[in-house]
Amino acid sequence: MRGVVQGVGFRPFVYRTACEESLRGWVLNEADAVRIEVEGNDGSLDRFLQALRQTHPPQARIDSLEVSEVATASDAPAPEGFEIRASSGQAERRPTLPADLAMCAECLQEISDPRQRRYRYPFTNCTNCGPRWSIIRQLPYDRPRTSMHSFAMCGDCQAEYGNPGDRRFHAQPIACPKCGPQLTLLDAAGRPLAERDLALRQAADAVGAGRILALQGLGGFQLIADATSELAVQRLRERKRRPDKPLAIMLGPLSEVRRRCRVSEAEAAALQSPAAPILLLARRRDADGVDDIAPAVAPGNPQLGVMLPSTPLHHLLLAHAARPLICTSGNLSEEPMAITARDAVTRLGSVADLLLTHDRPIVRPVDDSVAHVIAGRLQILRRARGYAPLPIRMHCELPVVLAVGGHLKNTVALSLGESVVMTPHVGDLETALSVQVHRQAIDDLIQFFGVRPQAVACDLHPDYASTRNAERLAQAWGVPLVPVQHHQAHVAACVAEHGLAGPVLGFSWDGTGYGTDRTVWGGEALLCDGAEYTRVAQLRTFPLPGGDRAARQPRRSALGVLYAIFGTQAADAAGAWFTTEELGMLIAACGRPRLFPRTSSLGRLFDAVAALCGLPAWVTFEGQAAMALEFAANPEVRDAYPLPVRAARGADPAVLDWEPMIRAVLADRAAGLPVAEIAARFHNALAAAAVQAARMAGCRQVVLTGGCFQNAFLTERVQASLRDAGFQVYVHSEVPPGDGGIALGQILIAAKKLNSKT
Ligand code: ZN
Ligand code: ZN
Ligand code: FE
């Protein structure tokens, strides 16, 4: 059997099923599968097979079940009963691993019951739950090859581990207070203060008193603070240097989430799934007096990022603190997450007052995942804990390709046969430290699966740190380097996810990506077929004063747009945002394309419209202004601004001309129209333009991809308009629409290029 069949209680399940039918034989984990040999009468064999097909452990996923008859060796004595054999280490390595799993209900019951020996034990787990990818060093998945290898099982654990009737039968990370990992509380300088349960209680009390805690979680350090204390949250923001970006909170049980947020059935299922992601939920406006979340958690944001506690450690901490807790990655802004206590003391000592650490080593960083439900379906925005490294199923056999991803929200991907494995979210490669983590993630992936890639795929941007890492590897291995255009990679990621064949029109709408014509792309409609693409439509370009700096200053995008329409007269409308001196300089430079690149970025157009609407002219993270515009939009408004798509001239792409729209926005602003209306008309205009462009391209299959499609309002409007017009529309689900997904697209394009050469 192949699929997700290791680390999910699969062999015990096979054992029990075989014993029920009194079959003789064995089961064992191979690196790429579970192999079973059974002997018995026809009736029992049939029932056994049927049971394997129909029922299996909740976290298992069966991709294939091959059955063949083997002759009973006449010279070998018939086996007595059924046994679980030791894993064989050979065979080709395929990704059959599950991701880390949130604590199950039975384990929760045990840690809550004073009569149980695991009462209040923060490292409780069983075959249905617990750490996996964050502790596995090598395949096949057995305890000696995990970071639990140094903990010798006590007699009680050994008995459970060896008892086929027990829930912990062959649970590799099995542990108890007697033999397993333990907690230690450290002060900010790394000096021990307390151990075990006392450490946990003191840590939770400190958080309750407004202190900031660095918690060694499942896949790395997290920063914990009282989410109801404005002072504590402000302090965390200051120290972490994260002024505005929303912070995730942890609370539970589900009823507590419902008190503060609206939770649909699909959303409840996602929150309670074994992946237990941070889910973006709409805050309740009718929450009379119960919304106790401090305003600084998500300033001006109608949503909250919420997760339920997913490990016993988080459960116990939350229960003792008895209030919603901020739970955010343990890093400084733009740095990677710390995973060892030593690293945490060095890097987080200035942020946290205390550190709650433990001695179960984290093998690799696994951050919390982020998702939202969009048009009734779960869409992953940051793919990490609970999802990585679950393989993405491809619909054909691929050569082994390593893809190094992009620059922001980086992930790395590796194709293995009909699967692609993606690392958990690596982050933005803006610091030397994160570039190093990127390298480690690549080395880890290559080493883990023991393969030598036939090609290395990267972004077309020559200056990305990821591109330089890719060049180095391709050279070392003597294999081709395949640069893939950023927006083509976005489209290919969605194509790969849905296994689409034939030509596809991709709306690749995002912040920035390196174009092939010296402009910065980001509002593209690409007609993609195989490894090739044609740019059939683009957003009309405008100068981007300050280049990359513009991403944090919507006023600059606004000036660029105004300059494109009014030339030097733009100064009149942009006067409020700049000093006279700045404005003179910027406007002069707008006319000199060598100084400021031109861009077709829709992300920057969002920024421009946000600034024109009087929303913040400065922001602290990319996408902040676009989010403000999304949240401002009134869904009741159905009319749209004019956004004509001007047909292609010669070989040039068609152009979405935003000038009439911007003029209308300016007029509406002057007339005092509410921003809610302007924002909605802007979104609706994009939906209408998408339909127009799709009709011109004449391709029935359409995918929506790129960072702009994290915007639920935009996605729903564009999707609905295209569907009404008869197009088949695909959006991301398993893989993020933003740059976290492009490694998958790079793989697909590189594989197609390799195949077309042979
Ligand atoms: Zn469990
Ligand atoms: Zn034990
Ligand atoms: Fe992008």
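Residues numbered from 1 in each chain as written. Chains lettered and ligands numbered in written order. Predicted model: local features only at pLDDT ≥ 70, side-chain atom pairs only at ≥ 80, totals over all residues. Heavy atoms only, no water.

### Considering the domain arrangement of the protein
- Here the domain parsing of the protein yields domain 1 (2-84) and domain 2 (183-358).
- Computed over C-alpha atoms, the centres of domain 1 and domain 2 are 43 Å apart. (Domains from an automatic or database assignment.)

### Things to note about the sheet that holds strand β17 (residues 392-398)
- Strands sit in the order β17-β19-β18-β20-β21 across an open sheet of five strands; the sheet is mixed. A strand with exactly one partner marks an edge of an open sheet, and here the two such strands are β17 and β21 (481-484). Direction aside, the axes of adjacent strands within the sheet are offset by 30 degrees on average.
- Note that β17 and strand β19 (residues 413-422) share three bridges and pair antiparallel. Paired with L398 across the two strands is G417, which belongs to β19. (Pairing = 2+ DSSP bridges. Helix = DSSP H or I, 4+ residues; strand = E, 2+ residues; numbered from the N terminus. Axes fitted to C-alpha atoms, helices over the stretch in contact; angles between N-to-C directions.)

### Let's talk about the coordination of the zinc ion (ligand 2)
- Coordination sphere of the zinc ion (ligand 2), protein contribution only: C154 (SG), C157 (SG), C176 (SG) and C179 (SG), at 2.2 to 2.3 Å.
- One way to put it: the four donor atoms around the zinc ion (ligand 2) meet at angles of 103 to 116 degrees, and that makes the site tetrahedral. (Donors = N, O, S within 2.8 Å, 3.2 Å for Na, K, Ca; no water. Tetrahedral: all angles 85-135°; square planar, octahedral: opposite > 155°, others 65-115°.)

### Re the packing of helix α19 (residues 659-670) against helix α20 (residues 675-697)
- It is the contact of α19 with α20, at a shortest axis distance of 10 Å, that shows an interaxial angle of 170 degrees. As summarised for this structure, α19 and α20 are arranged roughly antiparallel, according to the angle between their axes. Residue-level contacts link M661, V665, D668 and R669 of α19 to V675, I678, R681, F682 and A685 of α20.
- For the contact of α19 with α20, the residue count by class is six nonpolar, no polar and three charged. (Parallel < 35°, antiparallel > 145°, perpendicular 65-115°, else oblique. Contact = heavy atoms within 4.5 Å. Nonpolar A, V, L, I, M, F, W, Y, C, P; charged D, E, K, R; others polar.)

### Some thoughts on the sheet that holds strand β5 (residues 82-84)
- Spatially, β3-β2-β5 is the arrangement adopted by the three strands of the open sheet, whose pairing is mixed. Of all the strands in the sheet, just β3 (34-39) and β5 have a single pairing partner and so form its edges. Taken over all neighbouring pairs, the strand axes of this sheet differ in orientation by 10 degrees on average, direction set aside.
- Sheet topology places strand β2 (residues 24-29) next to β3; six bridges connect them, and they run antiparallel. Following the sheet pairing, W26 is matched in β3 by E37.
- Of the strands in this sheet, β2, β3 and β5 are in contact with helix α1 (residues 10-20), which crosses β5 at around 175 degrees.

### Quick word on the side chain of Q624
- With respect to the helices, strands and loops of the structure, Q624 is situated in helix α18 (residues 624-632).
- Residue contacts for Q624: discarding those within four places in its chain leaves D244 and V619.

### Some details on the coordination of the iron ion (ligand 3)
- Looking at the metal site, the iron ion (ligand 3) is ligated by H486 (NE2), H490 (NE2), D510 (OD) and D739 (OD), spaced 1.9 to 2.2 Å from it.
- Around the iron ion (ligand 3) sit four donor atoms; with metal-centred angles ranging over 87 to 159 degrees, the donor geometry is irregular.

### Quick notes on unusual backbone geometry
- Residue P140 is reached from L139 by a cis peptide bond, and omega for that bond is -10 degrees.
- Tracing the backbone shows P140 in the loop between α3 (105-111) and α4 (155-162).
- Backbone torsion omega between G252 and P253 reads -5 degrees, so that peptide bond is classified as cis.
- For R120, which is not a glycine, the phi torsion comes out positive at approximately 60 degrees.
- When you line up the elements, R120 lands in the loop between α3 and α4.

### Some words on the packing of α1 against helix α2 (residues 42-54)
- Look at α1 against α2: their axes get within 10 Å of each other, and the N-to-C directions meet at 150 degrees. If you check the angle between α1 and α2, you find them roughly antiparallel. Read as a crossing pair, α1 and α2 show a hand that is right-handed. Between α1 and α2, the contacting residues are F13, V14, T17 and A18 on the first element and F48, A51 and L52 on the second.
- Residue composition of the contact of α1 with α2, by class: six nonpolar, one polar and no charged. (Left-handed = near helix turned anticlockwise from the far one by under 90°.)

### As for the nonpolar core
- Core analysis: the biggest nonpolar cluster contains 75 residues, and F507, W509, L605, W658 and L722 have the highest contact counts within it.
- The element best represented in this core is α20, accounting for 12 residues. (Core = buried A, V, L, I, M, F, W, Y, C linked by side-chain atoms within 4.5 Å. Buried < 20%, exposed > 50% of the residue type's maximum accessible area, 1.4 Å probe, protein only.)

### What about the pattern of salt bridges?
- Following the criterion strictly, the structure yields 43 salt bridges and no others.
- Here D444 ties to R364 by a salt bridge, and the two come within 2.5 Å at their closest N and O atoms. Here D444, found in helix α11 (residues 432-449), pairs with R364, found in the loop between β14 (354-358) and β15 (370-374); they are 80 residues apart in sequence, far enough to count as distant.
- Note on D444: relative accessible area 22%, which makes it partly exposed.
- Residue class for R364 comes out buried when judged on its relative accessible area of 5%.
- Connected via shared salt-bridge partners are E106, E110, R117, R118, D156, E160, R167, R168 and K178. (Salt bridge = Lys/Arg side-chain N within 4 Å of Asp/Glu carboxyl O.)

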